[in-house]
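A closer look at the structure
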Amino acid sequence: MSTEHRPPFTVIKVWGELDIAAEAEFRKHVEEVVELDPERLLFDLAELRFMDSSGVRVILDVYRRLGMGDRVAVCGLSPRLERSFYLLGITGRVGGMTTYSTMDSALTAVRS
């Protein structure tokens, strides 16, 4: 995983597999970013091959902690992850987490 600043977002890019074995490292990385009080946080999951519930839990915890508004968003969800987020009620409803197809679409949307 890596972090980059693409105003107004701080982007956390995750790739490979995000499962129970990687949860502690992912959580630590996310907590370090959140401690810097980013204006908005975007999880770029475009290169993620697999994510289990432990990875979803970390993202959801941060979303709740930062007020469940538009401060936290995700982009690059695979069809499987998009369906999981929807079925869990994280996206696709009023007040749900904002999703973007790509990082570029997220940047374009917030600048419009």
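Each remark here, short or long, concerns the structure printed above.
Everything in this summary refers to the structure shown in the same document.

1. Observations regarding the overall build of the protein chain
- In terms of helices and strands, the protein chain carries four helices and five strands.
- What you see for the protein chain is a C-alpha radius of gyration of 13 Å, in line with the 13 Å of a compact globule of 112 residues.
- Viewed in the frame of its principal axes, the protein chain has a C-alpha envelope of about 40 × 30 × 25 Å.
- The burial tally for the protein chain puts 45% of its 112 residues in the buried class.
- Put simply, of all contacts in the protein chain between residues at least 6 apart along the chain, 73% involve residues at least 24 apart.
- One way to put it: in the protein chain the 14 positive side-chain charges average out to a point 4 Å from where the 17 negative ones average out.

2. A short note on the packing of aromatic side chains
- Taken as a whole, this structure holds two aromatic pairs when the rule is applied.
- The interplanar angle of 65 degrees and the centroid separation of 6.1 Å between the aromatic rings of Phe26 and Phe43 together place this pair among those described as edge-to-face. Highlighted residues: Phe26 in helix H1 (residues 23-35) and Phe43 in strand S3 (residues 40-51), separated in sequence by 17 residues.
- Given the relative accessible area of 0%, Phe26 is considered buried.

3. A closer look at the pattern of salt bridges
- Applying the stated criterion across every chain yields a total of nine salt bridges.
- In this structure, Arg49 and Glu17 form a salt bridge, with 3.9 Å as the shortest nitrogen-oxygen distance. Of this pair, Arg49 sits in strand S3 while Glu17 sits in strand S2 (residues 9-18), and the two are 32 residues apart along the sequence.
- Taking relative accessible area as the criterion, Arg49 reaches 65% and is therefore assigned exposed.
- On the basis of relative accessible area, Glu17 is assigned to the partly exposed category, the value being 45%.
- Notably, a salt bridge pairs Arg65 with Glu31, separated by 2.4 Å at the nearest N-O pair. Here Arg65 is found in helix H2 (residues 53-65), whereas its partner Glu31 is found in helix H1, with 34 residues between them in sequence.
- Residue class for Arg65 comes out partly exposed when judged on its relative accessible area of 48%.

Conventions and cut-offs
- Residues numbered from 1 in each chain as written.
- Predicted model: local features only at pLDDT ≥ 70, side-chain atom pairs only at ≥ 80, totals over all residues.
- Heavy atoms only, no water.
- Helix = DSSP H or I, 4+ residues; strand = E, 2+ residues; numbered from the N terminus.
- Rg over C-alpha atoms; globule rule 2.2 N^0.38 Å.
- Buried < 20%, exposed > 50% of the residue type's maximum accessible area, 1.4 Å probe, protein only.
- Contact = heavy atoms within 4.5 Å.
- Lys, Arg positive; Asp, Glu negative; His and termini not counted.
- Charge placed at Lys NZ, Arg CZ, Asp CG, Glu CD.
- Phe/Tyr/Trp six-rings, centres within 6.5 Å; stacked < 30°, edge-to-face > 60°.
- Salt bridge = Lys/Arg side-chain N within 4 Å of Asp/Glu carboxyl O.

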